[in-house]
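Results of the structural survey
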Amino acid sequence: DAGVTQTPRHEVAEKGQTIILKCEPVSGHNDLFWYRQTKIQGLELLSYFRSKSLMEDGGAFKDRFKAEMLNSSFSTLKIQPTEPKDSAVYLCASSGDKISAETLYFGSGTRLTVL
Amino acid sequence: QQKVQQSPESLIVPEGGMASLNCTSSDRNVDYFWWYRQHSGKSPKMLMSIFSNGEKEEGRFTVHLNKASLHTSLHIRDSQPSDSALYLCAARRANNRIFFGDGTQLVVKP
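Let me begin by describing the structure that accompanies this report. (Residues numbered from 1 in each chain as written. Chains lettered and ligands numbered in written order. Predicted model: local features only at pLDDT ≥ 70, side-chain atom pairs only at ≥ 80, totals over all residues. Heavy atoms only, no water.)

**Observations regarding the sheet that holds strand β3 (residues 19–25) of chain B**
Consider a sheet: its strands pair through backbone hydrogen bonds, and that pairing is either parallel or antiparallel. Residue and element names in this part refer to chain B. One open sheet accounts for five strands, arranged β1-β3-β8-β7-β6; its pairing is antiparallel. Each end of this open sheet is capped by a strand with a single partner; those strands are β1 (4–7) and β6 (54–58). The mean inter-strand angle of the sheet, taken between neighbouring strand axes irrespective of direction, is 15°. Pairing between β1 and β3: four bridges, direction antiparallel. (Pairing = 2+ DSSP bridges. Helix = DSSP H or I, 4+ residues; strand = E, 2+ residues; numbered from the N terminus. Axes fitted to C-alpha atoms, helices over the stretch in contact; angles between N-to-C directions.)

Set out below in structure tokens:
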């Protein structure tokens, strides 16, 4: 059974570049979340979609981070322009399982390094 | 402002011992808690969830919730080296945003 798929697994960018991270949620899930994880800040919520509608646009992350969900099976997170402080693991998660509706299923993450 | 606070930051217990982890939300709009476990280099996986006052047990894991104080705790009995991981507490606000604490790093020493 297909879980949450994230690509690429690793990304290296120069400061100022634009990068796009991709996520395919579990089929049939209605909710999709983007988080960023660092040792210092922990897991920070970047964006949240419910049935493709943007419910949370990330507050402090709004200016350079933009998440989109063009259809129910695909989401992107664009960071433009990248800065070294954006180096982190970016995790996508989906929920909406019939048995446990609110449980988040995480992808393997994208490790971003900004030089 | 951190909405979910976890303690301790790190914990070392001997194999076979009891590990107790704590989590409190400073947001009165929270209505649901989870505990996730994240092994090194892996993604978080849900361990247990709780939304009613009281206690819930699954195998070696017991979770408590006090809704009045918005405090939950996770207890692991007969801890095993394979339990060594980062334990993350998550809380859901009424608008369905899910926030995580910074985690407790558990090390179980053989």
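Once the structure has been displayed, the description carries forward.
**A few points about the sheet that holds strand β7 (residues 65–71) of chain A**
All names here are of chain A. The four strands are arranged β1-β3-β8-β7 in an open sheet whose pairing can be described as antiparallel. Only two strands of the sheet have a single partner each, and these edge strands are β1 (5–7) and β7. In this sheet, adjacent strand axes meet at a mean angle of 20° when their direction is disregarded.

**What about the layout of surface pockets?**
Summary: where empty space remains is shown by rolling a probe the size of a single water molecule over the atoms. Considering only enclosed or pocket space, the largest pocket measures out at about 810 Å³ in volume. As for the largest pocket, its lining consists of 32 residues, and the residues nearest its centre are Gln37(A), Lys39(A), Arg111(A), Gln38(B) and Leu86(B). Counting residues per element, the ones that place at least two in the lining of the largest pocket are β4 (31–38), β5 (42–50), β9 (88–95) and β11 (110–114) of chain A together with β9 (85–93) of chain B. Examining the composition of the lining of the largest pocket, we find that four residues originate from one element, β11(A), more than from any other. Of the residues that constitute the lining of the largest pocket, the class distribution is nine nonpolar, 17 polar and six charged. (1 Å grid on protein atoms, 1.4 Å probe; cavity = no way out; pocket = protein on both sides within 12 Å on 5 of 7 lines; lining within 4 Å. Points joined across faces, edges and corners; volume = space filled by probe spheres on them. Nonpolar A, V, L, I, M, F, W, Y, C, P; charged D, E, K, R; others polar.)

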